[in-house]
Amino acid sequence: MKGTKTIALLLSATMLAGIFTGCAGKTTKITTDKFINACEKLDLKGFEVDGKKAPDIDDLEEGFYLYADTDAIEEAEDSIDDFLDEIGLDDVFEAENVKSFAFAAKCDGFDLNDLLDRDVLGSTELDGAAAFQMTLDGNYAEDFMAYLEDLLDECGISTDDLSDKEYFVSKNEGYLRYHVEIDKLVEQVVDNDVYDDIYDYLYYFTDGLIDSVEDFSGDAAFSFEINGSNIFFILGLNVNTDETSVLNDFVKAFGATCNPMDVPVNEDISENLIDDYLDDLADQIAPGPDPATPTTPDNSGATKVGISMPTKDLQRWYQDGDNLKKGLESMGYAVDLQYAANDISNQIAQIEGMINSGCDLLIIACIESSSLNDVLEDAKANNIPVIAYDRLIMNSDAVSYYVTFDNYQVGRLQAQYIVDTLQLDNSSGSYNIELMAGDPSDIAAAFFYTGAMDVLMPYIESGKLVVVSGQTSFDECAIDHWKTETAMARAENIISSYYSDGRNIDAWLCPNDSTALGVIQALDARNYSVYWPVVTGQDCDIANIRCMIEGKQTMSVFKETKLLVDETVFWADKILGGFDVTTDSSYNNNAKNVPTFFCTPIVVDINNYRTVLIDPGYYTEDDIF
Ligand code: BGC
């Protein structure tokens, strides 16, 4: 009897202790090995993270996991640091502190088509979960939890208001758990005042999407846990179904301490998050037309877009024109696409023709930045908006928008590649370099050159880089119309005048691929078999990728022109829909600050051309080999 009493007392004491501390053993140590084991237990399909094999959307239903070890992380260290910087985690740890990371996802009832189909969206059955794990070198629990606390604070959520099932922090461990009901979330979006202001905008984008998501119900939950050097994140979602079996399987297989769906729903959190999100959205977008009469573009073909491209001769412009046309036509617009054979008067006449034939919008990649003033006055007089495509049109206030890659950055990337390849920061010797610049009448050429010279100049000044020809000004280096033959002639001249004694050329800065081809041909003619210089480029044209494979071009900057095209088509559609489109950035063209949309360029060389160009299908093997 006495023994039973003691056991009962002990049991209730243990239970009470459990209640007072939230849940005993707050987090578990989910290491990478444990994580991978769990993924295998769940029969998920494994993928390498280096990009050679990436899962596609169809694999989601079946489930997959990715895993990166120290080597892969080392290779991607810079991009990881950039990412940490972007999300503000760089104050907490750096890429070199990350030892491994892994990600797993699975979704039952997932059909992308359902998600895209507004009519069936409201009744979508979806049951899914994702998990992420990272092993760090060291103990970051306190700092990491402080970071999460700041994030919550930014959304107006005080950790003091959270229960100890939702938030906990100690020296070596911590967690944040959060659970919302999806229908409540959607309700909040629909009922929010800010939402009223942007309804027309959302309506425009979604064409009544909100009507169908209003039927949404289900749960979303996540749990973030840090235990010693391990961070573990688990996320679950079920929509219009009572199933949470995928998340339950995940929780079980990973041995997580808590199923986040079991944490009580926290309405305050979801309200704050939604408010914050909508405020952000409202800041980003401009009010559209009267909500009562939402405007949708005229897709009957009556709305016409004129596209004026400089030349068909360079692969990139041919591709850009073709893709723009396809993109706009797929949205129902009629398109008048013309190439001007790099002849300025031709381009002016073609644009004039487009205005006279009733085009409603013009997309122009100019041949010469300052020659379109008069013809664009006509466009303005006819209220025809003008998008400057890739090349800024100067001295005209008729230019409505500019869509471009960050051209200054392109130049910096080329120059930095030279600095890194020659290891200028770590070597004591000096290196010979020659410089090319683009067409002086294309303002982009000046941006490329300034970007590159901002990086190279300190090395030239310190004598680490020697421009043997002494030709360093833009004017001396410029190549009219970006012509390969002109670049070749200039390169031949430099080689015979300054390098006939056989001295090395260690690097040749070329602003783009057509000029790089000229330099390569000149170097080839010199029978440069001993030491091939670092040759830069831009555009990743097929001929240049072939040179890269042969070892004759070292790098090119890839401007995924599909991105530029998509961005342009997207905004063209908004402008034609009558929306007051605003941007965060602008370029001054000497007549006004032209609102600008930016895309980001990336470096391609022999190490990544496959993953960047072939794997995503930009080129096929047959195109190149
Ligand atoms: C473009 C480059 C291109 C060059 C020659 C520039 O305006 O930005 O991508 O290589 O023109 O066509």
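Residues numbered from 1 in each chain as written. Predicted model: local features only at pLDDT ≥ 70, side-chain atom pairs only at ≥ 80, totals over all residues. Heavy atoms only, no water.

*Asks:* Kindly report on the overall build of the protein, identifying the contributing residues and their values.
*Replies:* Within the protein, the regular secondary structure consists of 25 helices and 21 strands. Expressed as a percentage of its 625 residues, the buried residues of the protein come to 51%. Long-range contacts, defined here as pairs at least 24 residues apart, represent 73% of the contacts in the protein between residues at least 6 apart. Taken as a whole, the protein presents about 28,500 Å² of accessible surface, with 49% of it coming from carbon and sulfur. (Helix = DSSP H or I, 4+ residues; strand = E, 2+ residues; numbered from the N terminus. Buried < 20%, exposed > 50% of the residue type's maximum accessible area, 1.4 Å probe, protein only. Contact = heavy atoms within 4.5 Å. Areas by Shrake-Rupley, 256 points an atom, 1.4 Å probe, with all protein chains shown as cover.)

*Asks:* Explain the site of the ligand to me, using residue names and the numbers behind them.
*Replies:* Near the ligand lie 13 residues; those nearest to it are R316, D390, R391, D442 and D539. Contacts to the ligand include R316, whose side-chain N or O atom sits 2.8 Å from an oxygen atom. At 2.7 Å from an oxygen atom of the ligand is found a side-chain nitrogen or oxygen belonging to D390. For the ligand, the protein covers 99% of the area, taking 310 Å² as the surface of the free molecule. Broken down by secondary-structure element, the contributors of at least two residues to the shell around the ligand are α14 (315-330) and α18 (443-462). Of the residues that make up the shell around the ligand, three or more belong to each of domain 2 (304-399 + 563-596) and domain 3 (407-559 + 619-624). (Near = heavy atom within 4 Å. Polar contact = N/O pair within 3.5 Å; in protein donor to acceptor, adjacent residues only side chain to side chain. Domains from an automatic or database assignment.)

*Asks:* Report on the nonpolar core, specifying residues and quantitative values.
*Replies:* F93, F144, L176 and I231 are the most contacted members of the largest nonpolar core, which totals 44 residues. Sort the elements by how many residues they give to this core and helix α8 (residues 141-154) lands first, with 6 residues. With residues up to four places along the chain from it excluded, the contact list for F93 reads L84, V98, M134, L136, Y140, F144 and I231. Counting 33 residues, the second largest nonpolar core, distinct from the first, contains A437, F448, L465 and V534. (Core = buried A, V, L, I, M, F, W, Y, C linked by side-chain atoms within 4.5 Å.)

*Asks:* Residues and numbers for a nonpolar patch on the surface, please.
*Replies:* Side chains of I549, I606 and F625 sit close together on the surface and give an oily, nonpolar patch of about 280 Å² of accessible area. With respect to the secondary-structure elements, I606 resides in the loop between β21 (602-605) and α24 (609-614). (Patch = residues over 30% accessible without salt bridge, like charges linked within 9 Å, V, L, I, M, F, W, Y side chains within 5 Å. Salt bridge = Lys/Arg side-chain N within 4 Å of Asp/Glu carboxyl O.)

*Asks:* Let's hear about the sheet that holds strand β17 (residues 534-535): which residues, and what values?
*Replies:* Hydrogen bonds between backbone atoms are what pair the strands of a sheet, whose relative direction is either parallel or antiparallel. With parallel pairing, the 4 strands of this open sheet are ordered in space as β15-β14-β16-β17. Since the sheet does not close on itself, it has two edges, and those belong to β15 (465-466) and β17, each with one partner. Examined bridge by bridge, strand β16 (residues 507-509) and β17 share 2 bridges and lie parallel to one another. Across the sheet, residue W508 finds its bridge partner in β17, namely V535. (Pairing = 2+ DSSP bridges.)

*Asks:* Can you break down a negative patch on the surface residue by residue, with the values?
*Replies:* A contiguous patch of negative charge on the surface is contributed by D78, D82, D85, D90, D91, E94, E96, D137, D420 and D425. Per-element accounting of the negative patch gives the leading share, 3 residues, to helix α5 (residues 77-86). Structurally, D85 can be placed in helix α5. (Lys, Arg positive; Asp, Glu negative; His and termini not counted. Charge placed at Lys NZ, Arg CZ, Asp CG, Glu CD.)

*Asks:* So what's going on with the sheet that holds strand β1 (residues 45-48)? Residues and values would help.
*Replies:* Spatially, β1-β2-β3-β4-β8-β7-β6-β5 is the arrangement adopted by the 8 strands of the open sheet, whose pairing is mixed. Each end of this open sheet is capped by a strand with a single partner; those strands are β1 and β5 (167-169). Adjacent strand axes in the sheet meet at a mean angle of 10° when their direction is disregarded. Across 3 bridges, β5 lies against strand β6 (residues 173-181) in antiparallel orientation. Residue pairing for β6: Y167 is matched across the bridge by L176. Together, β5, β6, β7 (218-227) and β8 (230-239) form the strand contacts of α8, whose direction differs from that of β6 by roughly 30°. Packing against the sheet, helix α12 (residues 245-254) makes contact with β3 (98-108), β4 (126-136) and β8, and its axis sits at approximately 25° to β4. (Axes fitted to C-alpha atoms, helices over the stretch in contact; angles between N-to-C directions.)

*Asks:* Could you give an account of the confidence of the model for the protein, with specific residues and numbers?
*Replies:* Counting all residues, the mean pLDDT for the protein is 84, and 84% of those residues have values of 70 or more. A low-confidence stretch, residues 1-25 stays under pLDDT 50, and its non-local contacts, those more than four residues away or across chains, total 8 contacts. (pLDDT = per-residue confidence, 0-100.)

*Asks:* Now, about the pattern of salt bridges: what can you tell me, with residues and values included?
*Replies:* Enumeration over the complete set of coordinates arrives at 16 salt bridges. With a closest N to O distance of 3.7 Å, K559 and D390 form a salt bridge. With K559 in the loop between β18 (555-558) and α23 (561-576) and D390 in the loop between β12 (386-389) and β13 (401-405), this pair connects stretches of sequence that are 169 residues apart. For D390, a relative accessible area of 3% corresponds to the buried category. One salt bridge connects K552 with E550, and the closest N-O pair in it is separated by 3.5 Å. Through salt bridges with shared partners, a single ionic network connects R316, D320, D390 and K559.

*Asks:* I'd like a rundown of the packing of aromatic side chains, residues and numbers included.
*Replies:* Applying the stated rule across the entire model yields 25 aromatic pairs. Between the aromatic rings of F447 and Y587, the centroid separation amounts to 4.9 Å while the plane-to-plane angle is 65°, which identifies the pairing as edge-to-face. Of this pair, F447 sits in helix α18 while Y587 sits in strand β19 (residues 585-588), and the two are 140 residues apart along the sequence. With a relative accessible area of 11%, Y587 lands in the buried category. By the ring-pair criterion, three or more aromatic residues cluster together here, those being F144, Y147, Y178, F222, F224 and F233. Against the face of Y175 rests R177, its NZ or CZ located 3.7 Å from the ring centre. Looking at R316, its charged tip hangs above the ring of W317, at a distance of 4.0 Å from the centre. (Phe/Tyr/Trp six-rings, centres within 6.5 Å; stacked < 30°, edge-to-face > 60°. Lys NZ or Arg CZ within 6 Å of the ring centre and 35° of its normal.)

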